[in-house]
Amino acid sequence: MYTVIGNPVARTMRVLWMLEELGQDYDIINAAPHSDTVKQGNPGGKIPVLHDDEVILTDSVAIVTYLADKHEACTHPAGTPARGKQDAMTQFCVDEVEGALWTASKNRFILPEDARCPEVVPTTLYEFGNAMATLAAHVDGKDFIAGDSFTVPDLLMGHCAGWAGRAEFPIPEGPAADYMARMRERPAFARATARAEEAVA
């Protein structure tokens, strides 16, 4: 039994989604970033935190990659060309897609007001647009971004699609939007969403 700590509507959702894809049992402890509950597992206060028996893991990308590797699903084997391509798409998502969304969020409402730079938001919109054009090229005519099956970067992209919607970062119609919609139509995503809603009710 895994225990997932963090606000389920934030990046914690990625961990819930992966656990549902893998068919694993888990508990959720709804906790805000920088709360005492979170800091017990991550002194930096960031969410999510995963407890796997005595093992404590942090960072959503590291956690979902760990889970996929441990259960040998939603991933390509380490040391293979397919895994190299998968990891490249993971980094593309984190650096270019999530990077733009996270920078905008920090400068809109997360950082202290005197540390924000709202003027950077149009730049992040431009960067996100470029990333969507690149994504469209990667997924045009393909079901998934890194091979013939659902893997870690598909999950991350699907999560970012919801983030983009809330942040009013448009995803252009066509291959990118169609791909994002397919990821969020997966049954495991629906189950994770239901669990998240229960945890915050």
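Located above this text is the structure these notes cover.
Keep in mind the model is a prediction, meaning the values are calculated, not measured.

The rules behind the values
Residues numbered from 1 in each chain as written. Predicted model: local features only at pLDDT ≥ 70, side-chain atom pairs only at ≥ 80, totals over all residues. Heavy atoms only, no water. Helix = DSSP H or I, 4+ residues; strand = E, 2+ residues; numbered from the N terminus. Buried < 20%, exposed > 50% of the residue type's maximum accessible area, 1.4 Å probe, protein only. Contact = heavy atoms within 4.5 Å. Polar contact = N/O pair within 3.5 Å; in protein donor to acceptor, adjacent residues only side chain to side chain. Phe/Tyr/Trp six-rings, centres within 6.5 Å; stacked < 30°, edge-to-face > 60°. Lys NZ or Arg CZ within 6 Å of the ring centre and 35° of its normal. Pairing = 2+ DSSP bridges. Axes fitted to C-alpha atoms, helices over the stretch in contact; angles between N-to-C directions. Core = buried A, V, L, I, M, F, W, Y, C linked by side-chain atoms within 4.5 Å.

Peer 1: Lay out the environment of glutamate 98 with the relevant residues and their values.
Peer 2: Within the secondary structure, glutamate 98 sits in helix H4 (residues 81-110). Judged by relative accessible area, glutamate 98 falls into the buried class, the value being 8%. Along the chain, glutamate 98 and phenylalanine 128 lie 30 residues apart, while their C-alpha atoms are 8.5 Å from each other. Aside from chain neighbours lying at most four places away, what touches glutamate 98 is Arg11, Arg14, Cys93, Cys160 and Trp163. Separated by 2.6 Å, the side chains of glutamate 98 and arginine 11 make a polar contact. At 2.9 Å, the side chain of glutamate 98 and the side chain of arginine 14 are in polar contact.

Peer 1: I'd love a proper account of the packing of aromatic side chains, names of residues and values included.
Peer 2: Per the stated rule, a full pass over the model turns up five aromatic pairs. Centroid distance phenylalanine 128 to phenylalanine 169: 5.3 Å. Interplanar angle 80 degrees. Geometry classified as edge-to-face. With phenylalanine 128 in helix H5 (residues 121-139) and phenylalanine 169 in the loop between helix H6 (152-167) and helix H7 (175-184), this pair connects stretches of sequence that are 41 residues apart. In this structure an aromatic cluster arises from ring pairing among Trp17, Phe144, Phe150 and Phe189. A cation over an aromatic ring shows up here: arginine 186 above the ring of phenylalanine 150, its NZ or CZ 3.8 Å from the ring centre. Directly above the aromatic system of tyrosine 26 lies the positively charged group of arginine 195, at a separation of 4.2 Å from the ring centroid.

Peer 1: Run through the pairing of strand E3 (residues 49-52), naming residues and quoting values.
Peer 2: In terms of strand pairing, strand E1 (residues 2-5) meets E3 through four bridges, oriented antiparallel. Note that in E3 the partner of tyrosine 2 across the bridge is aspartate 52. In this sheet, strand E4 (residues 55-58) lies alongside E3 in antiparallel orientation, the contact comprising four bridges. When the bridges of E4 are listed, leucine 50 appears paired with leucine 57. The hairpin turn running from E3 into E4, its antiparallel successor, is two residues long, and aspartate 53 in that turn takes a positive phi close to 55 degrees.

Peer 1: Just give me the short version of the sheet that holds E4, but keep the residues and values in it.
Peer 2: The strand order E2-E1-E3-E4 describes an open sheet built from four strands, whose pairing is mixed. Pairing within the sheet leaves two strands with one partner each, and these edge strands are strand E2 (26-29) and E4. Pairwise comparison of adjacent strand axes, ignoring direction, gives a mean angle of 20 degrees for this sheet. Strands in contact with helix H1 (residues 12-22) are E1, E2 and E3; relative to E1, the strand with the most contacts, it is inclined by about 160 degrees.

Peer 1: Account for H1, with residues named and values stated.
Peer 2: With eleven of eleven residues buried, H1 is to be regarded as a mostly interior element. The first or second residue beyond H1 is glycine 23, which carries a positive phi of 70 degrees.

Peer 1: Would you mind going over the nonpolar core in detail, with residue names and values included?
Peer 2: Core analysis: the biggest nonpolar cluster contains 53 residues, and Met18, Leu67, Val97, Leu101, Leu135 and Met157 have the highest contact counts within it. No other element matches the nine residues that H6 contributes to this core. Not counting the four nearest positions on each side in its chain, valine 97 is found in contact with Phe92, Phe128, Ala131, Met132, Met157 and Cys160. In this structure, Ile5, Ala31, Val38 and Val49 belong to the second largest nonpolar core, which totals five residues.

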